[in-house]
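Understanding the architecture of this molecule
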Amino acid sequence: MEQSLKKHRIRPPRDVDADQYGKETIVEEKFSFWLQPTDALLADLHSRREGLSVSDAAARIKQYGPNAFHAAIKQSLLSKIGKRILNPLIAILLVAAAISSISGDLGSFVIILTVITISITLDIVQEHHAEVAVETLRRSVAVKADVRRGGALVAVPVEDIVPGDIIELRTGDLVPADGIILDAHNLQVNESLMTGEAFPSAKSEAPCSNPAPSDATNALFAGTSVVGGNALMLVVATGQRTRFGGIAIALSAAEPETALEKGVHSLGVLILKLTVFLTLFVLFAHLVAGRPPIDSFLFAVALAVGLTPELLPMVMTVTLARGALRMAEKKVIVKRLSSIHDLGAMDVLCTDKTGTLTQAVVTLVEHIGIDGQSSDRLLMLAALNSKFETGVRSPLDVAILAHPDQPPTDAWIRRGEVPFDFERRCVSVLAGNGNDSWLITKGAPEAILSRAIAIEGKDGKPLPLDAAARAALDALQNKQVTQGFRLLALAVKPMPAGTTEVSLTDETDLTLVGFCVFSDPPKLDAAAAIATLQGLGVRLKVISGDHAEVVRHVATAVGLNGDRLLSGDEISDLTETALAARIENVDLFARVDPDQKTRIIKALQRRGHVVGFMGDGINDAPAIRAAHVGLSVEGATDIARAAADMIMLAPDLGVLAEGVKEGRRTFANILKYVRMGTSSNFGNMLSMALASIVLPFLPLLPMQILLNNLLYDLSEIGIPFDSVDADDVDHPHTWDIKSILRFTIVMGAVSSLFDIATFTILLKVFNADAATFQTAWFLESIATQILVIFLIRSRGHFWSSRPHWILVATSLGALGFTVALVLSPLRKIFGFVTIEAQLGLSICAIVALYLVCAEIAKRLAMARLRA
């Protein structure tokens, strides 16, 4: 194949950087395959129209790799360890370990290596479990393509497609790879991603001699989508060898931070500022006081480590992965983990009405002529249009073809088609019966009426579509839509004998025959589900392409306010600023096109809302991408599912409400760890920093600080499993770094006050020497840090909310280990000594008093946090 392709050497297009695509021959392969004869390509790829065998496809996936635009994120164990060793904090610890070893401080050397080992091990193990869980969920909703394999048509995940595969494409499908068209019927492809053109491109199997990819009428490229017709495609290039591969890599590199990532970044900046200030202050003060440089450096490094929540990445990964698994149990599959936060923070949900507010059980209830009477001729024409349409049949088409009284259509044959698109909002077929040929056009009433010049009389003869006729038609439509019925208009046009092809120019001078009337009753539980969402602080906005009165009728039936409504025509007349001003008080939008859906989403975002959008159609994909959290359903088009962050296994707002709750529970536990870690760490490290300046000895040795930090981190491993307060679920929550800082200062100050009291009692009452001081304060510090978890994990009284048993086990287990260590002979390794019973009881009393004060201070800190 390589030699054959070299006969058609061309330069890549100007907008493509050859360096992104590797070797020169690969670039040639991507941009020249459509110039070859189809039979030559089939031979070069050792393929045939019946498709590859199963064994051949399996061999090729090993040869070419997965059909993925981004490199697979599967690192070896050594690369994962290396990545973590290069982390600045770990690197600092390694330097500290080396200095400890050189200086002969073997205790610090051992404890630092233990901290590094445990931290890396926990992170890698938990990350692996999370990756496996999320990948399993992601594969369960992976976009699939219809591929001819082993003599049968099978649904194959797009990642498993290989060069040489034969794929059947239909309206609504994503093109999964680069390839040549073997056969096509009225194929229309949206190539805006490649060309920037909004209008679909016509494609066919006819040979092409134009070397420019944008003019390759017989080629299909990965990342584009089929918006009309169907095709049979031979895959030539997959994954990063496709033309879209390099673009996808560039797009992924430029993807903006998610709300969760922005929050974590802001938190990191806050911790970095606190760490740099405290460590540099302590290091400078120690050096000025004449303390040994190495000891001062190790102490400063230990303070830096103590201030840092090293387990935050692991806690976030595990919490999000567990959230994804819990949401899967609620029939919501998460494709992008960080979208869990966005779902919990969502305060506006935009959705279509079909399938969410209605039962999506569409029934053709009437087929009426222009006089409002039942018309068998109209039913026959509608059935012909739906039968001969080659694109994806909508529920309306299915309802027409399922009608029990439709006349026979066996004598008619299909001769041509103008596929449906969302700009025209109609579809036309050319049907023939003997020598007669008729263009039959079906679509939105206003779209058909704009193309019609006549109406069909009772005798079948056309009558002029004058003002009186239009007024009568408007009254007929209003009578139906005010009852909640959906309408499709149908018109015809006689075509010259022998006509075998039709185009957009033929959709003129039509004769209106009448209307198909459909019912789609509201869901019985829709009102309750909407009330649940509203109780969770999520406002629902309905964005539909239906008639305004149909939207209003359904919305009113499920308890929404139908007083205010914006139509697509009204939106077209509004500037972006005006739309943002109007949109706050409007919940219903009718006759909206795809671009207007995206405008609505962006207008809400400019108003400061966290916006979700749920859609399932081709025209929903741009809005799904534009929303903070894009939602689709299992039966949606490939384009919609690929754009979505989450896939709902049932188009039910009640299911979504459960997903919102799980998203908030997940984020609440992440915030819980952040509050615990920052407040406790900051309080203890501040106390140590100040004490180290005024005391003639270090309040804790560097290795004791590291041990304290390690034990506290281990105690918090159970946080991802913990329950949360009802208040954390009832309202949207987002990152608020100022509130976190206030909480840290309030709780950290309380902790430092009791540390100072402990220092005073140890020095003035018990006259403690350095080792006794360090041992006693280590016990007090770790006990207060661990036990306060059970207080600040909840906004209410600590006894009113029961923690998860895993959190109880990890917390009390770490505390028990600490006490056992100090009482055992191993204490000498860490510089601890035995303490008197009276001193031990005093420590217990200090801890108990601290917990009482922390419970009181917590309520003040939480109140300020919510302000």
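Because the structure is predicted, anything quoted here is derived from the model rather than measured. Sequence order sets the numbering: in each chain, residues are counted from 1 along the sequence as written. Predicted model: local features are reported for residues with pLDDT of at least 70 only, side-chain atom pairs are reported and counted for 80 or more only, and whole-chain, interface and lining totals are derived from all residues. Hydrogens and waters are ignored; side-chain quantities use all the structure's heavy atoms.

Moving on: the overall build of the protein. For the purposes of this entry, the term helix denotes a DSSP run of H or I that reaches at least four residues, the term strand denotes a run of E that reaches at least two, and both are numbered from the N terminus. From N to C terminus, the protein includes 32 helices and 23 strands. Burial status across the protein gives 55% buried among its 867 residues. When contacts within the protein are restricted to residue pairs at least 6 apart in sequence, those whose partners lie at least 24 apart make up 73%. Summary of the burial criterion: residues with accessible area below 20% of their type's maximum are buried, those above 50% are exposed, and those between are partly exposed, where the area comes from a 1.4 Å probe applied to protein chains only. In this description, contact between two residues means that some pair of their heavy atoms is separated by no more than 4.5 Å.

This paragraph deals with the nonpolar core. What we call a nonpolar core is a set of buried Ala, Val, Leu, Ile, Met, Phe, Trp, Tyr and Cys residues that are connected through their side-chain atoms within 4.5 Å. Among the nonpolar cores identified, the biggest contains 86 residues, and Leu349, Leu357, Phe589, Met646, Leu653 and Trp735 are the most heavily contacted of them. The residues contacting leucine 653, other than those within four sequence positions of it, are Leu349, Thr356, Leu357, Ala529, Ile530, Leu533, Leu540 and Met614. Residues Met747, Phe754, Leu791 and Ile843 belong to the second largest nonpolar core, which totals 57 residues.

Further remarks concern helix 29 (residues 770-787). The span one expects for a helix is its residue count, reduced by one, times 1.5 Å. An ideal rise of 1.5 Å per residue puts 26 Å on 18 residues; helix 29 measures up with 26 Å between its terminal C-alpha atoms. Within helix 29, 15 of the 18 residues are buried, leaving the element largely enclosed by the surrounding structure.

The next thing to look at is the packing of aromatic side chains. By convention, a stacked pair of Phe, Tyr or Trp rings (six-membered ring in the case of Trp) has centres within 6.5 Å and planes under 30 degrees apart, an edge-to-face pair has planes over 60 apart, and any other such pair is tilted. Counted under the stated rule, the structure contains ten aromatic pairs. With 5.3 Å between their ring centres and 35° between their planes, phenylalanine 759 and phenylalanine 773 make a pair best called tilted. Of the two residues, phenylalanine 759 sits in helix 28 (residues 737-765) while phenylalanine 773 sits in helix 29, which places them 14 residues apart along the sequence. What links up through ring pairs into an aromatic cluster is the set Phe697, Phe759, Phe773 and Trp777.

Positioned with a positive phi, histidine 46 is a non-glycine residue whose angle comes to about 50°. When you line up the elements, histidine 46 lands in the loop between helix 3 (38-44) and helix 4 (54-64). On the basis of relative accessibility, which here comes to 66%, the residue histidine 46 falls in the exposed class. Even without being glycine, arginine 591 reaches a positive phi, approximately 50°. Mapped onto the elements of the fold, arginine 591 is located in the loop between strand 20 (588-590) and helix 22 (594-606).

Here helix 17 (residues 467-481) is 15 residues long and its end C-alpha atoms lie 21 Å apart, about the 21 Å a rise of 1.5 Å per residue gives. Looking at helix 17, one finds that the buried residues are Ala469, Leu473, Leu476, Gln477, Gln480 and Val481. Along the long axis of helix 17, the arc covered by the buried residues comes to 125°, so they all point the same way. Within helix 17, the exposed residues directed more than 90 degrees away from the buried face are Ala467, Ala468 and Lys479. In this context, the arc is that of the directions from the helix axis out to the C-beta atoms.

Right, let's talk about the pattern of salt bridges for a bit. Any Lys or Arg side-chain nitrogen found within 4 Å of a carboxyl oxygen on Asp or Glu counts as a salt bridge. Counted under the stated rule, the structure contains 33 salt bridges. Between lysine 858 and glutamate 855 there is a salt bridge, with the nearest N and O atoms lying 3.3 Å from each other. Taken together, the positions of lysine 858 and glutamate 855, both in helix 32 (residues 837-866) and three residues apart, correspond to about one turn of that helix. Summarising the burial analysis for this pair, lysine 858 and glutamate 855 share the class buried. Each of the salt bridges in this network shares a partner with another, and the network as a whole consists of Asp146, Arg148, Glu168 and Arg170.

Now for the confidence of the model for the protein. pLDDT measures the predictor's confidence residue by residue and takes values from 0 up to 100. In this model, the protein carries an average pLDDT of 82, and 85% of its residues clear a pLDDT of 70 or more. Taken as a whole, residues 1-31 scores under 50 in pLDDT and shows 55 contacts with residues more than four places along the chain or in a different chain. Below a pLDDT of 50 lies the segment residues 250-254, which in the model reaches two contacts outside its immediate sequence neighbourhood of four places, other chains included.

Remark: helix 18 (residues 526-535) packs on helix 25 (residues 653-694), axes separated minimally by 8 Å, with the N-to-C direction vectors making an angle of 20°. Relative to helix 25, the element helix 18 lies roughly parallel. Every pair of crossing elements has a handedness; the one defined by helix 18 and helix 25 is left-handed. Here Ala529, Ile530, Thr532 and Leu533 of helix 18 lie close against helix 25, whose contacting residues are Leu653, Gly654, Ala657 and Val660. Each axis is a line fitted through C-alpha atoms, and for a helix only the stretch in contact is used; angles between axes span 0 to 180 degrees, taken between their N-to-C directions. Note on terminology: angles under 35 degrees are roughly parallel, angles over 145 are roughly antiparallel, angles of 65 to 115 are roughly perpendicular, and the others are oblique. Each crossing gets its handedness from the near helix: less than a right angle anticlockwise from the far helix is left-handed, clockwise is right-handed.

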